[in-house]
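# An overview of the molecular structure
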Amino acid sequence: DLLVGGAGGDRWARGMLLLLAGSVQLWSGRTAEALDRLDEAYRAFVAIGDHFGLVQSAAVLGRALVLAGRVDEGVRLATSVLEVPDPSSWESGLAALAALATAVQVGDAARSERLLTALPTVGGDGATGVPEATGVAHTELVATLGLHHLQAGDPAAAARLLEATAASRPSVDPNLFA
């Protein structure tokens, strides 16, 4: 069993399985259990020097630490991976979104405003004005930016962003934000 460390198992695959298991635990409300798995995944990627896994695990572990009340540690970890070898890579987009989402998660509008500049962009979404950030799920980015606008005291901008996104994405129910 890769999760419990079967002999000769692929260390990268084991790290990814730990990350997946920890993510499921975290987002199903089992934060304490998730922390152990996510920390183990993070340490596995550090040990093998895999930056792709490191960025992914730091993103989720950082948010888990915040949910566990370890805010400074979580924000520090989530922002620690912003320096990536290729600034236009998928890893760069994920690292920037993770740092931004963590700042929004703790309600730090000033920090999230600074982190917006770290999002590498490859064009834009004309309907919403939201950049299509490299490697970043558009919906998660829009939700994060909407929360940022609310925290920055601009609910009208948040509403416009969410409404324009719903209207520009045929797979999104246009009444979702009504």
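Residues numbered from 1 in each chain as written. Predicted model: local features only at pLDDT ≥ 70, side-chain atom pairs only at ≥ 80, totals over all residues. Heavy atoms only, no water.

Further remarks concern the side chain of arginine 63. Along the chain, arginine 63 falls in helix H3 (residues 51–67). For arginine 63, a relative accessible area of 19% translates into the label buried. When sequence neighbours within four positions are dropped, the list of residues in contact with arginine 63 reads Trp27, Ala101, Thr102, Gln105 and Glu140. (Helix = DSSP H or I, 4+ residues; strand = E, 2+ residues; numbered from the N terminus. Buried < 20%, exposed > 50% of the residue type's maximum accessible area, 1.4 Å probe, protein only. Contact = heavy atoms within 4.5 Å.)

For the coordinates displayed, the defined rule picks out one aromatic pair. A centroid spacing of 6.5 Å and a plane angle of 25° characterise the contact between tryptophan 12 and phenylalanine 52, whose relative ring orientation is stacked. Of this pair, tryptophan 12 sits in helix H1 (residues 11–27) while phenylalanine 52 sits in helix H3, placing them 40 residues apart in sequence. Exposure remark for tryptophan 12: the relative accessible area of 35% places this residue in the partly exposed category. (Phe/Tyr/Trp six-rings, centres within 6.5 Å; stacked < 30°, edge-to-face > 60°.)

Moving on, we come to the nonpolar core. Core analysis: the largest hydrophobic core is formed by 21 residues, its most contacted members being Leu19, Leu26, Leu38, Tyr42, Leu61, Leu77 and Val81. Of all elements in the fold, only H1, helix H2 (31–48), H3 and helix H5 (90–105) reach the threshold of two or more residues within this core. With seven residues, H3 is the largest single contributor of residues to this core. Each residue touching leucine 38, except ones within four places of it in the same chain, is listed here: Leu19, Gly22, Ser23, Leu26, Val60, Leu61 and Ala64. Formed by 10 residues, the second largest nonpolar core is a distinct cluster that contains Leu100, Ala103, Leu115 and Leu141. (Core = buried A, V, L, I, M, F, W, Y, C linked by side-chain atoms within 4.5 Å.)

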